[in-house]
Amino acid sequence: QASAILMMGSTEPHYTASKLYPALLAGRPILAVYHRASSVAEIMSRVTSPPDAHLVTYSGSDRAGNHVAEIAHALASLVSRGPVEPIAWQSAELEKFSARSLAGELAGVLDLVADKAEAGSRT
């Protein structure tokens, strides 16, 4: 029931998108502030777009503190919208990260391991 979800990353460029998927599945507007080299920035740019999501990026030389006005404007924009219907983000992009897809990948790996174990026991 939140008006928006605020996500903030670290100064590390390799920061991963582990918290992004639950936020996207919540179907709420998002303000994400992350290092421009993070996977969050890359995925958000493919899956979301304004006015439902705002991505503010920074880098080692262009610190997050330089973007305070941009962050404040994006947050005010999201909050001023009030309650919104659940957002269906670009699901084709997200499908590869769904539980079904990831379970399928894991099952494929386990099948390969089982096949190798079975082949090894026959020799």
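What counts and what doesn't
Residues numbered from 1 in each chain as written. Predicted model: local features only at pLDDT ≥ 70, side-chain atom pairs only at ≥ 80, totals over all residues. Heavy atoms only, no water. Helix = DSSP H or I, 4+ residues; strand = E, 2+ residues; numbered from the N terminus. Rg over C-alpha atoms; globule rule 2.2 N^0.38 Å. Buried < 20%, exposed > 50% of the residue type's maximum accessible area, 1.4 Å probe, protein only. Pairing = 2+ DSSP bridges. Right-handed = clockwise from strand over helix to strand, strands pointing away. Axes fitted to C-alpha atoms, helices over the stretch in contact; angles between N-to-C directions. Contact = heavy atoms within 4.5 Å. Core = buried A, V, L, I, M, F, W, Y, C linked by side-chain atoms within 4.5 Å. Salt bridge = Lys/Arg side-chain N within 4 Å of Asp/Glu carboxyl O.

Chemist: So what about the overall build of the protein? Which residues, and what values?
Modeler: Of the regular secondary structure elements, the protein holds five helices and three strands. Reading the secondary structure of the protein in the N-to-C direction produces β-α-β-α-β-α-α-α. Its C-alpha atoms give the protein a radius of gyration of 19 Å, more than 25% over the compact-globule value 14 Å for 123 residues. Projected onto its principal axes, the C-alpha positions of the protein cover 70 × 40 × 20 Å.

Chemist: Which residues make up the pairing of strand E2 (residues 30–35), and what are the values?
Modeler: With six of six residues buried, E2 lies mostly within the body of the structure. As judged from the four bridges shared by strand E1 (residues 5–8) and E2, these two strands associate in the parallel manner. Residue Leu6 lies in a different strand from E2, and its bridge partner there is Leu31. Judged from the six bridges that link them, E2 and strand E3 (residues 53–58) form a sheet pairing that is parallel. Paired with Ile30 across the bridge in E3 is Ala53. Where the polypeptide runs from E2 across helix H2 (residues 39–47) and back to E3, its parallel neighbour, the crossover connection is right-handed.

Chemist: For the sheet that holds E3, give the residues involved together with the corresponding values.
Modeler: If you walk across this open sheet you meet the three strands as E1-E2-E3, and the pairing is parallel. Both outer strands of the open sheet, E1 and E3, are each paired with one neighbouring strand and no more. Sheet twist, expressed as the average angle between the axes of neighbouring strands with direction ignored, equals 10 degrees. Where H2 meets the sheet, it contacts E2 and E3, and its direction lies at approximately 145 degrees from that of E3.

Chemist: Break down the nonpolar core for me, with residues and values.
Modeler: In terms of nonpolar packing, the biggest core is built from 17 residues, with Met7, Leu20, Leu24, Ile30, Met44 and Trp89 touching the most fellow members. Of all the secondary structure elements, the ones that give two or more residues to this core are helix H1 (20–26), E2 and H2. Non-local contacts of Met7, meaning those with residues more than four positions away in its chain, are made with Lys19, Leu20, Ala23, Ile30, Leu31, Ala32, Val33 and Tyr34. Formed by seven residues, the second largest nonpolar core is a distinct cluster that contains Leu31, Val33, Val56 and Ile71.

Chemist: Requested: an account of the pattern of salt bridges, with residues and values cited.
Modeler: Tallying each qualifying case throughout the model produces three salt bridges. Measuring nitrogen to oxygen at the nearest pair gives 2.9 Å for the salt bridge that ties Asp52 to Arg81. Taken together, the positions of Asp52 in the loop between H2 and E3 and Arg81 in the loop between helix H3 (68–80) and helix H4 (91–95) put the pair 29 residues apart, joining distant regions of the chain. What makes Arg81 partly exposed here is its relative accessible area of 31%.

Scope: geometric values only; no functional claims are made or implied.
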